[in-house]
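Close look at the chain arrangement
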Amino acid sequence: MATMFSARCPACQITIRFDKAPELGLMMVCPECEAELEVVQVKPLKLRWADEDDFDDFDDEFDDDLGNDQYDDVDYDDDYDYDDD
């Protein structure tokens, strides 16, 4: 009997089966929900969204650029006309 390799899609949770062990970094599309996935671990087999790291890196850079007090002196009410109808 041949060994089956499987992992769950992180988006829709279906089980995705492979006939042979996929290589680390393999990019694929979920046959059910069409999420773009990447093999990030082979033992045990684990999938994640292919672009997840790209967004994490962007968020970290964005957070580093903004200080918590950057918008403290902004008065947001000046630019908005309130309609008292």
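Before going into details, it helps to say that this report is about the structure given with it. All figures in this text were calculated on a predicted structure; none of them were measured in a lab. (Residues numbered from 1 in each chain as written. Predicted model: local features only at pLDDT ≥ 70, side-chain atom pairs only at ≥ 80, totals over all residues. Heavy atoms only, no water.)

1. Here's the deal with the pairing of strand S4 (residues 36–42)
For strand S3 (residues 27–29) and S4, the ladder comprises three bridges, and the chain directions are antiparallel. Looking across to S4, one finds that methionine 28 is bridged to leucine 37. Two successive antiparallel strands, S3 and S4, enclose a turn made up of six residues, where glutamate 34 displays a positive phi of approximately 65°. Here five bridges tie S4 to strand S5 (residues 45–49), and the two strands are oriented antiparallel to one another. Residue glutamate 38 lies in a different strand from S5, and its bridge partner there is arginine 48. Where S4 folds back onto S5 in an antiparallel hairpin, the turn is made up of two residues. (Pairing = 2+ DSSP bridges. Helix = DSSP H or I, 4+ residues; strand = E, 2+ residues; numbered from the N terminus.)

2. Regarding the sheet that holds S4
Strand order across the open sheet formed by three strands is S3-S4-S5, with antiparallel pairing between neighbours. Every other strand in the sheet has two partners, leaving S3 and S5 as the edge strands with one partner each. For this sheet, the mean angle separating the axes of adjacent strands, direction not counted, is 40°. (Axes fitted to C-alpha atoms, helices over the stretch in contact; angles between N-to-C directions.)

3. Quick word on the side chain of glutamate 38
In this structure, glutamate 38 sits in strand S4. Residues within four places of glutamate 38 in sequence aside, it is in contact with Gly25, Leu26, Met27, Lys46, Leu47, Arg48 and Ala50. (Contact = heavy atoms within 4.5 Å.)

4. Quick word on unusual backbone geometry
Comment: phi is negative for the bulk of residues other than glycine, and the bulk of peptide bonds are trans. Between lysine 43 and the following residue, proline 44, the backbone shows a cis peptide bond with an omega angle of -10°. On the secondary structure map, proline 44 appears in the loop between S4 and S5. Look at glutamine 13: it is not a glycine, yet its phi comes out positive at around 70°. Mapped onto the elements, glutamine 13 comes out in the loop between strand S1 (5–8) and strand S2 (15–18).

5. Considerations on the nonpolar core
Counting residues in hydrophobic clusters, the biggest one holds eleven residues: Ala7, Cys9, Ile16, Phe18, Met28, Cys30, Ala35, Leu37, Val39, Leu45 and Leu47. Those elements giving two or more residues to this core turn out to be S2, S4 and S5. Other than its neighbours up to four places away in sequence, methionine 28 contacts Ile16, Phe18, Ala35, Glu36, Leu37 and Leu47. (Core = buried A, V, L, I, M, F, W, Y, C linked by side-chain atoms within 4.5 Å. Buried < 20%, exposed > 50% of the residue type's maximum accessible area, 1.4 Å probe, protein only.)

6. Details of the environment of leucine 37
Here leucine 37 is to be found in strand S4. C-alpha of leucine 37 to C-alpha of tryptophan 49: the two residues are twelve residues apart in sequence and 4.5 Å apart in space. Among all residues touching leucine 37, those that are not within four sequence positions of it are Cys9, Pro10, Ile16, Leu26, Met27, Met28, Cys30, Leu47, Arg48, Trp49 and Ala50.

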